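Understanding the architecture of this molecule
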Amino acid sequence: MQSHRLPTLEDVARVAGVSRATVSRVINGIRNVDPQLHEQVWTAVDQTGYVPNKLARSLVTRRTGTVALVVSDSETHDDDPFMSRFFSDPYFGRVVGGLMSVLRPAGVQLALQMVGADGHKRLVGDLRNGQADGAVVLSLPARDPLPRLLAEAGIPAVLIGRPAEPVRVSYVDLDNSAGAELAAARLADRGCRRPALITGPAEVPASADRISGFRRAMARHGHAWVPSAAGNFTQESGSTAMRALLAAHPETDGVFVANDLMALGALLVLRDAGRRVPDDVAVVGFDDSSAALAARPALTTVRHPLEDMSAEAARLLLAGIDDPSARVTSVIYEPTLVPRHSA
């Protein structure tokens, strides 16, 4: 009678054409392995059906093979609306895609953690107790204690976006001010004489940089004052802000909108108001997300390379996990303008 034994490391090594030691190094997350051999080993794992013993592996390496994507907010969000926003907002999906492009080949799992104001200390405690090896943090509130708590606890962490206050944590970010200047130049080149601005929350660093960059660039084009209305990066808030601008400033002939989802809402309001885009009102968004292509007309926008930034955040985090003494660093990406039909 044929026995159905479980596949072993030796089976994986034989199929991969490498030594047992190489298989062990790859499965245990030791990352100084040739990428081609790394791929061969994980392909052989799939082919043989080998299941690594995570408990035994963690006892040897003191690692879980998991990192957390932490979405930190100022409120508690156990409700469905926030979850729906997370899974429907192109921003979050692009972040996950960028992280997985690095973590998957490294054999590292990604765990999603959403924490509100009452969960920051509990999260830090969970991470210190080995729930994950480190965290990539999306910090939504303007003043978030979580980055400081992570730094003080010595937990490997990388932020996507510049923190609002100085803290000893690595981060990746976009030159948001330069991106807003690109948007201003586009509206100026189109001859817009009555430009306006739809902002995100002014207390959020990225949003503040986009506001200051746009106003500074418009001042160079002779616009000492630009009317604005605030949104919160959702499509609905973009619609509300656009209605407010049209009511107060019906002569508006160009709008910079601080993200593509709000721009979608603005475009719908302009259409309902009988304003042709771009003939009557030119519109420039920010992000170059799937929303920009879904817009009608297709949205001229500032490219926010979230996938690349998230991939770099994952690389920085893995390096910090491997070497806790690694230098805290920042990586700043340059924006580009993606011209389409709305401006």
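Please read these numbers as outputs of a predicted model, since none were measured by experiment. (Residues numbered from 1 in each chain as written. Predicted model: local features only at pLDDT ≥ 70, side-chain atom pairs only at ≥ 80, totals over all residues. Heavy atoms only, no water.)

Attention shifts here to the sheet that holds strand β6 (residues 195-199). Here we have 6 strands laid out as an open sheet, ordered β7-β6-β8-β9-β10-β12, and mixed in their pairing. Each edge of the open sheet is held by one strand with a lone partner, namely β7 (228-230) and β12 (336-338). The sheet shows a mean angle of 20° between the axes of neighbouring strands, taken without regard to direction. Of the strand pairs in this sheet, strand β10 (residues 300-303) and β12 are connected by 3 bridges, and their pairing is antiparallel. What sits directly across from R303, in β12, is T336. In this fold helix α9 (residues 176-189) packs onto β8 (254-257), β9 (282-287), β10 and β12, with an angle of close to 160° to the strand it touches most, β9. (Pairing = 2+ DSSP bridges. Helix = DSSP H or I, 4+ residues; strand = E, 2+ residues; numbered from the N terminus. Axes fitted to C-alpha atoms, helices over the stretch in contact; angles between N-to-C directions. Contact = heavy atoms within 4.5 Å.)

Here the focus is the pairing of strand β1 (residues 66-72). Burial within β1 is extensive, with 7 of its 7 residues counted as buried. The alternating pattern of β1 places T66, A68, V70 and S72 and V67, L69 and V71 on opposite faces, both of which are buried. Pairing of β1 with strand β2 (residues 109-115), which is carried by 7 bridges, proceeds in the parallel orientation. Of the residues in β2, the one forming a bridge with L69 is L112. Relative to strand β3 (residues 135-139), β1 runs parallel, the two sharing 5 bridges. Residue S72 lies in a different strand from β3, and its bridge partner there is S139. (Buried < 20%, exposed > 50% of the residue type's maximum accessible area, 1.4 Å probe, protein only.)

To continue, consider unusual backbone geometry. Looking along the chain, the bond that leaves V277 and enters P278 is cis, with omega of 10°. Tracing the sequence through the fold places P278 in the loop between α12 (260-272) and β9. Here the amide bond leading from R296 into P297 is cis, since omega sits at 0°, within 30 degrees of zero. Tracing the backbone through its elements, the reader meets P297 in the loop between α13 (290-294) and β10. Positive phi, normally seen in glycine, also occurs at D287, with a value near 135°. Although it is not a glycine, D288 adopts a positive phi angle of roughly 60°. Among the structural elements, D288 can be located in the loop between β9 and α13. For D288, a relative accessible area of 13% corresponds to the buried category.

One open sheet accounts for 6 strands, arranged β2-β1-β3-β4-β5-β11; its pairing is parallel. Only two strands of the sheet have a single neighbouring strand rather than two, namely β2 and β11 (330-333). Each adjacent strand pair in this sheet contributes to an overall mean axis angle of 20°, direction not counted. In this fold helix α7 (residues 120-128) packs onto β1, β2 and β3, with an angle of close to 155° to the strand it touches most, β2.

With respect to the helices and strands, R303 occurs in strand β10. On the basis of relative accessible area, R303 is assigned to the partly exposed category, the value being 26%. In sequence terms R303 and P339 are 36 residues apart; their C-alpha atoms lie 9.9 Å from each other. Apart from residues lying up to four places away in sequence, R303 is in contact with R94, L174, D287, D288, P335, T336 and V338. A polar contact is formed between the side chain of R303 and the side chain of D288, at a distance of 3.4 Å. (Polar contact = N/O pair within 3.5 Å; in protein donor to acceptor, adjacent residues only side chain to side chain.)

What follows is about the packing of helix α1 (residues 9-16) against helix α2 (residues 20-27). Viewed as axis vectors pointing N to C, α1 and α2 meet at an angle of 105°, and their least axial separation amounts to 8 Å. Judged by the inter-axis angle, α1 sits roughly perpendicular to α2. Residues L9, E10, V12 and A13 of α1 lie in contact with α2, whose contacting residues are R20, V23 and I27. A per-class count over the contact of α1 with α2 returns 5 nonpolar, no polar and 2 charged. (Parallel < 35°, antiparallel > 145°, perpendicular 65-115°, else oblique. Nonpolar A, V, L, I, M, F, W, Y, C, P; charged D, E, K, R; others polar.)

Turning our attention to the packing of α9 against helix α10 (residues 205-220). Relative placement of two packed helices is described by the angle separating their axes and the distance separating the axes. Between α9 and α10, the least distance of the axes is 7 Å, while the angle of their chain directions is 40°. In terms of axis orientation, α9 runs oblique to α10. When the axes of α9 and α10 are compared, the crossing they make is right-handed. On α10, the residues touching N176, S177, A180, E181, A183, A184 and L187 of α9 are A206, D209, R210, G213, F214, R216, A217, M218 and R220. The residue inventory of the contact of α9 with α10, partitioned by class, reads 8 nonpolar, 3 polar and 5 charged. (Left-handed = near helix turned anticlockwise from the far one by under 90°.)

Of all 5 residues making up β6, 5 are buried, and the element is well covered by its neighbours. Residues of β6 alternate between two faces, with P195, L197 and T199 on one and A196 and I198 on the opposite face, all of them buried. As paired strands, β6 and β8 are joined by 4 bridges and run parallel to one another. Bridging across to β8, P195 finds its partner in G254. Here β6 runs beside β7; their pairing, made up of 3 bridges, is parallel. Across the sheet, residue L197 finds its bridge partner in β7, namely S228. For the handedness criterion, the β-α-β arrangement of β6, α10 and β7 is classed as right-handed. (Right-handed = clockwise from strand over helix to strand, strands pointing away.)

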